[in-house]
Every structure is written in structure tokens, then in C-alpha cells.
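Secondary and tertiary structure notes
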Amino acid sequence: MNVEKTGGRLFGSGRCSSLSGSPGAAPVVHRMVEAMSQLQEEKSQLQEELEVLRERLALHDSDQQATSTQLQNQVENLKEKLISQAQEVSRLRSELGGTDLEKHRDRLMVENERLRQELQELRAQPAAPCLGCEHSQESTQLRDKLSQLQLEVAENKGMLSELNLEVQQKTDRLAEVELRLKDCLAEKAQEEERLSRRLRDSHETIASLRAQSPPVKYVIKTVEVESSKTKQALSESQARNQHLQEQVAMQRQVLKEMEQQLQSSHQLTAQLRAQIAMYEAELERAHGQMLEEMQSLEEDKNRAIEEAFARAQVEMKAVHENLAGVRTNLLTLQPALRTLTNDYNGLKRQVRGFPMLLQEALRSVKAEIGQAIEEVNSNNQELLRKYRRELQLRKKCHNELVRLKGNIRVIARVRPVTKEDGEGPEATNAVTFDPDDDSIIHLLHKGKPVSFELDKVFSPWASQQDVFQEVQALITSCIDGFNVCIFAYGQTGAGKTYTMEGTPENPGINQRALQLLFSEVQEKASDWQYTISVSAAEIYNEVLRDLLGREPQEKLEIRLCPDGSGQLYVPGLTEFQVQSVDDINKVFEFGHTNRTTEFTNLNEHSSRSHALLIVTVRGVDCSTGLRTIGKLNLVDLAGSERVGKSGAEGHRLREAQHINKSLSALGDVIAALRSRQGHVPFRNSKLTYLLQDSLSGDSKTLMVVQVSPVEKNASETLYSLKFAERVRSVELGPGSRRTELGSWSSQEHLEWEPACQTPQPSARAHSAPTSGTSSRPGSIRRKLQPSGRSRPVPV
Ligand code: ADP
Ligand code: MG
């Protein structure tokens, strides 16, 4: 028997039976046959299974193909849908690009332009009748409406752009879906490829299995021949069979996996389909929404256009009607215009000649004005002349009045009895008055009544104001440029200081005079500008001291002005400009302080010295520039008691001599002035020399003779009253003057010595110059500080 070897590897079942003729080989062959048949069965089974597998594979293939074609179809469909959507979108875009809204806007703009042109035409027509008419208002309304419509168009545009944006978003999402679809398709393709590769592998395996079938047949035959070999081959084929079974199981597993993958791909496809359907629905909904909105916008737009159009038509109709009215007005106005033109031409002709007329008129007006100015000037001159004449007249009248009253007036003031007068017979009242004549005073002297007649007698009950009223006229004359001297004369304790200075509660002539000057100056402030300044000095033992200076001890000299004017001045005498009563009080206080620090017993000292308050009033007439200067000298004289006769010695005697000398000199000067002598002995005392300007010329002097009423002072009172009466009698007349002069007692300290002086040139009657005497401006407080240097004050 031929044994076919198959390269060492045999296929076949181990149960093959032997066909040899040996008796031991029969069961083996039988078994081998059995094995063979089993193998055959297995083989046929395997073939069946393979067939099934093949069928299933073919089915799977066809399924796969169907699925892939289905998917491809779906993709194609989706692509088509996408294209159609894109087309739809582009169509919508194109539709949106040239929307009716824009067209409507354009139409409105055109209409607006047309209306504007019409308005301009209307404006170009005669303006007067149309001013403020309804047309302009209507056109404004139309313009407003147009702008509203434009606003609406803008809003519509905004909405449109929003819709565009939405469409764009949808398109983007579609593209995204498309991308995802592509990715799925790619995955699908890969899966397909993988599956087909496996299929191919399976085919190959099957083919190899098929190819292996002949060797099995051979093996069976070989088994029949070679049982040992067959047995081996059987076991091998069994192993092989086992291996094939494993492979089939693997194939089954692969198939199962493939089925699962197929299922998952089906699921994915379903999901994608669902998504596509959802997007389609969304797209559909968005499209529907967009269409709805567009439709509503379109409706709104149409409605607005219709309304605007209707309104515009109505308004245009009204405008046309108005225009027609305006035209008719224009026609009626034309004749008026013609007459106006004629008038205008006439006026034009007149205007041509107007400059000439104007020049002529100007010339004549200028001439008239010049004439008027000249007249006014001459009138002013006349008025000024009259004013000056009046001023002179007033001065003259005043002079006359004072002259009539007397340039030197003498009044007596009797003080009341005081505690200092004591008690007893010495303190009894020696003075009585005439109830019917206030110029008479009676004195009981050593038991004998003596009467005196003066210009006025003030009883002890007379107030400070009463006395001041008497001197008031003199003080105001100072403002008019007169020099005034008011002396308080009398024995110590008779009330001189009380009358001149008074008390803080009841001030005397000094403060009241300055108050009066302030008020008078203020009244005249509209026409005159005044400055009031004060100096204070004292003369003690014929030495002149500045009470307001920084060095009150310093002796001051009276000198002639170096300008050769013949006027006198006191170098170093302090002068303060004062503007209020406060300033005055400060000046007085300062002077008083100076005096107090200098002298321990001020009362005694003041009774032995002359105290002078010199007030200078400088005025400028604002209209004429006329300048005046008046000086008011308020003098509290030293006590007139005759100390010399009581046997005083030493400095007391010297004081008395000085006082006697100065009071005598005062009497001499007054006498010389009243008797109009060529020489007035001013230089005989410091007092008269200092008051030279204020005593001479048309100056005025008032002597207040202070009288003590008590018995013990009767002798001094008699003396004072005699002096007063004599002084007063001097001015009664040149004839009587001389007669009176003769009656002066030569023993008394005020003895009249009319011819004892050598002739001297008379001092000038007018006031001191203002040039070197300007008062220092600024507050009195500053002036009172000891930094400044006193300036010379003319006297
Ligand atoms: P003199 O200055 O002449 O020495 P005073 O003025 O000092 O005299 O007066 C002496 C006193 O008499 C003072 O106490 C003063 O107050 C008082 N006296 C003077 N006159 C009057 C008067 N008219 N009314 C009241 N008191 C007077
Ligand atoms: Mg006194």
C-alpha cells in the first residue's frame, strides 16, 4: 500500500480504522474508520459552520454596504439640505440687504428733501407776510415727523441686523453639525475599513482552511495505510481541529464585537439624525420667527408710511392754501411796495443832502452851545463875583455886628459859693444882680455898694451852655477866617478854669467851641474843605512851653517867619490835626498829663501860669479855591490877685511880677488897639507877642471876668470888675476912650502905659501863612506817640 507523506504533518482523526488484512489491525482500522467518519462529520459540520459564517459575513457585508450607502445617502441629503439652507440664507440675506425699510427710508428721505425744497421756496418768497405764520410751524412739525420716521427706520435696521446675527449664528451651528457629521462619517469609513480588513482576514482563513482539506483526505488514506502514523496524524488533526475550533470561537467573538460596533454606529447615526432633526426644527422655527418679525416690521413700516403720507398730504394742502393766501397778499402789497419805494427814493434824495444839512445844523448848534457856555460862564463869573461880594458883605456885617457889640467885649461870670469859701461873715455873699438889666452887677465892698456895667453879667446859676451861647458867634467867625481871643480873667478860684475847661461831665468853652467848629465845618462840607488843628502852650514866668510836645520843659521862642512876610511863628510848637471830640479829649488829656508830670502842685502852678489852647481852622472853597485861615485862642489866664502887695518873696514874688507884667501888657495892647494907636505894644509880654495876630486888625476879643461872690474876696472882685469896666469902656469911642484911659490907676498891676513903648512896625492883621504850617495828617493816637518832631506853628 502507498503511504503518502505530507511533510511530517498529518491531518485526520485519531479514531481511523485499519483496512489491512492483519487480524490485530482490524479494530484499529475500525477505530480509524470511525475516527475518519467522525472527522468527516466534523469536517462537514465545520464546512456548514463556515458556510453559515460566510453567509453571515456576506449578510454582514451587505448590511454594512447598505448601512454605508444609507449613511452616504443621509450625508448627501444633509449636504443637500445644507446647500438649500445656505441658499435660503443667502436669499434671505439678499432680501434683507435691500429691505423695504431701506426703500421706505430712501423714499422718506426723498420726500423730506422735496419738502425742504418747498420750504426753501416758501422762504424765498417775501418774508414779511410769512413771518411767524403757520407754515413754518407746520414745516417744523413735518421735519419732526420725518426725523421720527428716520428714527423708526434706524430701529428697524437694528432689528434686522439682530436677525442677521441670529441667522449667522444658526449657520455657524449648522456648519458645526456638518463638521461633526463629517467626523462621524470618517469614523464610519475607518470602521468599515477595519471590518472589511477583518472580513478579508476571515476569507483568507477560510481559504486556507479550504486549502487544507485535501491533506485531510490524504491523511485518512495514510491512516488507513499507516495506523501508527495515522494515530499521530489523528492527534495532530485533533489538535488542529482544536485550533480551528478556537479560531472559529475567535471569529465568533470578532463577529460579536463587529455586531456591537455596528449597533453603536447605528446608535450614533440615530443620534446624529436626531440632532440634525433638532437643528432643522430650530432653523425652521428661527426662520418662521424671522418671517413673522419681518412681516410685523413691514406692517409697521407700511402703517407709518401711510400715516406720514396722509399727514404730509394734509400739511402740504394747508401749506399750499397758505401759499395761495400769501400770494394774494403779495399782490395786494405790491402797490404799497411801490409807494414805499417812491418814499424811499425821496428819502434817499433827502439823505444825500443830509450831511450838508447836518453840518449846517451842527455849526449852528455849536455856535449856540458856545454862546450858551459863554453865557453860563459869564453868569458863573457874575455869581462868583456876587458870592465874593456877599462873602465880603457878610464879613463886613459880621465885623459891623461885632464892632457894634464891640471888638472887645467884656462879660462877667459870678461863680456860686462853694464849700471852699468856708462859713461865717467872710463867706457871705457880696454880689447882687439887677433883675431888669443883665449887664449890671452890684458889689458890696467894705459895706459900700458899687455897681458896674459890663456887656453881660452871668449869675452863679448860669450854666456852661448859657455862657457858651454868648461866645458862640465869635467862635463861628473863626471859620470865616477871623482871629478870635477869649480870655478868662480873675483871681485864683474865681472859676476861670471851670469856664474854659469845665468838667468831663459839663465841659467848658474849649470843648464846646471845638464841637461847634466840627459841626459847622461838617455843614459846610459840600462847599468847603476844612482842617482843624490844635496846639496847647503855657506861659510861666515869661517862658513859653509846648504842652503837647515831647519835651514840655523846652523853652520855645517866638520868631519872625524867615520868608520875610513879617509873620510870627513858634518853632517846635506841636500842632495836632483833630477830626472829632475824641481827638480833642486825647489832646487835652495829653497836655494835662504833660503838665501833671512837670509840676507837683498843678493847681498852684496853673494859677500862676497862662494856659493857651490855639485852634487853627483852615478852609478851602471847593468851587473858587479861595483859602481862609482863622485862629481861635482860648486863654486861661493866671490868677489876677495882687500877690506883690501882700509882701511875697523869692520865686513867689517873681511869679507875681511876671503875672503882673503880662496882664499889664495885655491891658496895654487892648487899650492901644481900641484907641487905634499907631503902635501897639505886643512885645511887652510873651502872651501879647504870641497873640499878636489874633489881637490886631479885625480880630475879636472876649474877656470873661470871673468873680468870686463871697465877702472875703470882695476886694479882688472890685479890682477885677474895675479892670473889666475899664477895658470895655476903651472901645466906647475915641473921645471917651482917652477920657477913660485917664482914669486907669497907675498903682495897679494892670496900669495903663500907652506911651511907654518905642514905636514898632505893626504886625500884619491877616492870618499866618499855611505853607510851613501844614498840620500832620493821621490819627491823634499816632501823633501822640513820641516819635515825631514838632513843626513850627505860625502865630
Ligand atoms: P480858677 O481857675 O479861677 O482858679 P476854678 O475854675 O478852679 O478857679 O474854680 C474854683 C472852684 O470853683 C472849682 O472847684 C470849681 O469847680 C468851682 N466853680 C467855679 N465856677 C463854678 C461854677 N460856675 N459853677 C460851679 N462851680 C464852679
Ligand atoms: Mg484855674
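What about the overall build of the protein chain?
Scanning the protein chain from N- to C-terminus turns up 17 helices and 16 strands. The proportion of buried residues among the 795 residues of the protein chain is 43%. Taking the intrachain contacts of the protein chain between residues at least 6 apart in sequence as the baseline, contacts between residues at least 24 apart amount to 75%. Total accessible area computed for the protein chain in this model is approximately 43,400 Å², and 53% of it derives from carbon and sulfur atoms.

Quick notes on the pairing of strand β14 (residues 627-636)
With nine of 10 residues buried, β14 lies mostly within the body of the structure. Of the pairings in the sheet, the one linking strand β6 (residues 484-489) to β14 comprises five bridges and is parallel in character. If you follow Ala-488 over to β14, its bridge partner there is Asp-636. Relative to β14, strand β13 (residues 610-621) is paired through 10 bridges, and the arrangement is antiparallel. If you follow Gly-619 over to β14, its bridge partner there is Thr-628. The hairpin turn running from β13 into β14, its antiparallel successor, is five residues long, and Gly-625 in that turn takes a positive phi close to 80°.

Describing the pattern of salt bridges
Considering all chains together, one arrives at 16 salt bridges under this definition. Note that Arg-194 is salt-bridged to Glu-191, the shortest N-O span being 2.5 Å. Of this pair, Arg-194 and Glu-191 both sit in helix α4 (residues 134-211), three residues apart, which is roughly one turn of that helix. The class for Arg-194 is partly exposed, based on a relative accessible area of 26%. Each of the salt bridges in this network shares a partner with another, and the network as a whole consists of Arg-608, Glu-641, Arg-652 and Glu-655.

Points about the packing of helix α7 (residues 464-479) against helix α9 (residues 509-523)
In the contact formed by α7 and α9, the axes pass within 9 Å of each other and the chain directions differ by 50°. As far as their axial angle goes, α9 and α7 are oblique. For the crossing formed where α7 meets α9, the hand is right-handed. Contacts between α7 and α9 involve Gln-464, Gln-465, Val-467, Phe-468, Val-471, Gln-472, Ile-475, Thr-476 and Ile-479 on the former and, on the latter, Ile-509, Arg-512, Ala-513, Leu-516, Leu-517, Glu-520 and Val-521. Across the contact of α7 with α9, the residue classes tally to 10 nonpolar, four polar and two charged.

Some words on the site of ligand 1
Around ligand 1 sit Arg-413, Arg-415, Pro-416, Gln-491, Thr-492, Gly-493, Ala-494, Gly-495, Lys-496, Thr-497 and Tyr-498, and that is every residue in its neighbourhood. In this structure, Gly-495 approaches ligand 1 through a main-chain N or O atom, which is 3.0 Å from an oxygen atom. Between ligand 1 and the protein, one listed contact pairs an oxygen atom with a backbone N or O atom of Lys-496 at 2.8 Å. Coverage of ligand 1 by the protein chains reaches 71% of its 550 Å² of free accessible surface. In terms of residues, the shell around ligand 1 owes the most to one element, helix α8 (residues 496-500), which gives three residues. For the shell around ligand 1, the per-class residue count stands at three nonpolar, five polar and three charged.

Let's talk about α7
Spanning 16 residues, α7 covers 22 Å between terminal C-alpha atoms, matching the ideal 22 Å at 1.5 Å per step. Its axis deflected by about 50° at Val-471, α7 carries its strongest bend there. Within α7 the residues assigned to the buried category are Gln-464, Val-467, Phe-468, Glu-470, Val-471, Leu-474, Ile-475, Ser-477, Cys-478 and Ile-479. After α7 finishes, the residue Gly-481 shows a positive phi value of roughly 100°.

Brief notes about the sheet that holds strand β4 (residues 448-453)
Strand pairing in a sheet relies on backbone hydrogen bonds, with the paired strands running either antiparallel or parallel. Strand order in the open sheet made by the three strands is β2-β3-β4, with antiparallel pairing throughout. Edge strands, defined here as strands with exactly one partner in the open sheet, are β2 (431-434) and β4. Averaged over all pairs of adjacent strands, the angle between their axes in this sheet comes to 30°, without regard to strand direction. With six bridges joining them, strand β3 (residues 437-445) and β4 adopt antiparallel strand pairing.

Notes on the packing of aromatic side chains
As enumerated under the stated definition, the model contains three aromatic pairs in all. Seen in terms of ring centroids, Phe-433 and Trp-461 are 6.2 Å apart; in terms of plane orientation they differ by 65°. Their pairing is edge-to-face. Note that Phe-433 is positioned in strand β2 and Trp-461 in the loop between β5 (456-458) and α7, a separation of 28 residues in sequence. Between Tyr-489 and Phe-723, the ring centres sit 4.3 Å apart and the planes meet at 20°, which makes this aromatic pair stacked. Of this pair, Tyr-489 sits in strand β6 while Phe-723 is found in helix α15 (residues 714-730), placing the two residues 234 residues apart along the sequence.

Section: a negative patch on the surface
A cluster of acidic side chains, namely Glu-152, Glu-155, Glu-306 and Glu-307, defines a negative patch on the protein surface. Elements represented by at least two residues in the negative patch include exactly α4 and α6 (227-405). Mapping Glu-307 onto the fold places it in helix α6.

Quick notes on the nonpolar core
In this structure, Phe-487, Leu-695 and Met-703 are the most contacted members of the largest nonpolar core, which totals 51 residues. With residues up to four places along the chain from it excluded, the contact list for Leu-695 reads Cys-485, Phe-487, Leu-666, Val-669, Leu-673, Phe-682, Thr-688 and Thr-701.

Things to note about the confidence of the model for the protein chain
Summing up the model confidence of the protein chain, the mean pLDDT is 77 and the portion of residues at 70 or higher is 76%. Here residues 127-131 scores under 50 on pLDDT; set against residues more than four positions off or in separate chains, the count is three contacts. Here residues 731-795 scores under 50 on pLDDT; set against residues more than four positions off or in separate chains, the count is 148 contacts.

What to know about a nonpolar patch on the surface
Together, Val-351, Phe-354, Leu-357, Leu-358 and Leu-362 give the surface a local cluster of nonpolar side chains, amounting to about 470 Å² of exposed area. Position of Leu-362 relative to the elements: it lies in helix α6. Take Leu-362: its relative accessible area is 43%, and that puts it in the partly exposed class.

Focus on the environment of Trp-528
Tracing the sequence through the fold places Trp-528 in strand β7 (residues 528-540). Taking the C-alpha atoms as reference points, Trp-528 and Ser-623, separated by 95 residues in sequence, lie 8.2 Å from one another.

A short note on the side chain of Asp-546
Structurally, Asp-546 can be placed in strand β8 (residues 543-546). The exposure class assigned to Asp-546 is buried, which follows from its relative accessible area of 2%. At 3.0 Å, the side chain of Asp-546 forms a polar contact with the backbone nitrogen of Leu-548. At 3.2 Å, the side chain of Asp-546 forms a polar contact with the backbone nitrogen of Gly-549.

Reading the values: rules and limits
- Residues numbered from 1 in each chain as written.
- Chains lettered and ligands numbered in written order.
- Predicted model: local features only at pLDDT ≥ 70, side-chain atom pairs only at ≥ 80, totals over all residues.
- Heavy atoms only, no water.
- Helix = DSSP H or I, 4+ residues; strand = E, 2+ residues; numbered from the N terminus.
- Buried < 20%, exposed > 50% of the residue type's maximum accessible area, 1.4 Å probe, protein only.
- Contact = heavy atoms within 4.5 Å.
- Areas by Shrake-Rupley, 256 points an atom, 1.4 Å probe, with all protein chains shown as cover.
- Pairing = 2+ DSSP bridges.
- Salt bridge = Lys/Arg side-chain N within 4 Å of Asp/Glu carboxyl O.
- Axes fitted to C-alpha atoms, helices over the stretch in contact; angles between N-to-C directions.
- Parallel < 35°, antiparallel > 145°, perpendicular 65-115°, else oblique.
- Left-handed = near helix turned anticlockwise from the far one by under 90°.
- Nonpolar A, V, L, I, M, F, W, Y, C, P; charged D, E, K, R; others polar.
- Near = heavy atom within 4 Å.
- Polar contact = N/O pair within 3.5 Å; in protein donor to acceptor, adjacent residues only side chain to side chain.
- Expected span 1.5 Å × (residues − 1).
- Bend = angle between axes of the 7 residues up to and from the residue.
- Phe/Tyr/Trp six-rings, centres within 6.5 Å; stacked < 30°, edge-to-face > 60°.
- Patch = residues over 30% accessible without salt bridge, like charges linked within 9 Å, V, L, I, M, F, W, Y side chains within 5 Å.
- Lys, Arg positive; Asp, Glu negative; His and termini not counted.
- Charge placed at Lys NZ, Arg CZ, Asp CG, Glu CD.
- Core = buried A, V, L, I, M, F, W, Y, C linked by side-chain atoms within 4.5 Å.
- pLDDT = per-residue confidence, 0-100.

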